[in-house]
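Survey of secondary and tertiary structure
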Amino acid sequence: TAQTKPRRIFLNNHRAPAVSYPIGRSGYLTVALCSVLLLGVVSACMYFFNTSTPGKPLVWQLILIGMAWLAAAHGGCQFLRQLPIGELVFDGVDWYFSDAAGQEKVGSVHVRFDGQHCLLLRFEDDLSKTDWLWLEARFSVHQAPNSWLDLRRAVYSRATPQNLPNVI
């Protein structure tokens, strides 16, 4: 009988694909924020009407709830307004973010939320400045059909050939 040698597979070609992906304003994120704010108004009204007694309204509590709601609305709107627009690029080794003004930053990407068709990424550049990037699959309408999947592979791929043991 012929003795077979174990076959060694080297992962020299195991790299995430290079990808360029647009980042834009999200209608879905805006609708989600408005829905949460509307739910807050409805909850505050229900609380007010269920806890106040006739002739003795809870004005100070209503003012406090209103101020908290306004602070939440302001924070949510600021978050949406400050989400950058531009392009996220992975060249197979490094991540780059080019904003709408044309400034390019080199950094690292960390996933903070994955909704399968949307990603919230924290982009930290080499100066430790953080940008929050919201990406959606629908942003790639004018890109290659697999660019969303390529982006997801690149975001989650951390394997490098020199750090992996030989697979037998």
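Coordinates for the structure precede this section.
Residues numbered from 1 in each chain as written. Predicted model: local features only at pLDDT ≥ 70, side-chain atom pairs only at ≥ 80, totals over all residues. Heavy atoms only, no water.

1. What about the nonpolar core?
By size, the foremost hydrophobic cluster in this structure holds 19 residues, and its most contacted members are L88, W95, L121, L133, L135 and L151. Mapped onto this core, the elements with two or more residues apiece are β1 (19–23), β2 (86–90), β3 (95–99), β5 (118–125), β6 (130–136) and α3 (147–156). Take this core: its biggest share by element is 4 residues, from α3. Ignoring anything within four residues of it in the chain, the contact list for L151 reads V19, Y21, L88, W95, L119 and L135. Judged by nonpolar contacts, the second largest core, of 9 residues, contains L29, L33, L80 and W134. (Core = buried A, V, L, I, M, F, W, Y, C linked by side-chain atoms within 4.5 Å. Buried < 20%, exposed > 50% of the residue type's maximum accessible area, 1.4 Å probe, protein only. Helix = DSSP H or I, 4+ residues; strand = E, 2+ residues; numbered from the N terminus. Contact = heavy atoms within 4.5 Å.)

2. Some details on the pairing of β3
Each regular strand carries side chains that alternate between the two faces of the sheet. Of all 5 residues making up β3, 5 are buried, and the element is well covered by its neighbours. Of the pairings in the sheet, the one linking β2 to β3 comprises 5 bridges and is antiparallel in character. Residue pairing for β3: E87 is matched across the bridge by S98. Hairpin connection, β2 to β3: the antiparallel pair is bridged by 4 residues, and G92 has positive phi, about 105 degrees. Sheet analysis places β3 next to strand β4 (residues 104–114), joined by 4 bridges and oriented antiparallel. Considered in β4, the bridge of S98 is made with E104. In sequence, β3 turns back onto β4 through a hairpin of 4 residues, with G102 there showing a positive phi of about 95 degrees. (Pairing = 2+ DSSP bridges.)

Shape is all these values report; function is a separate question.
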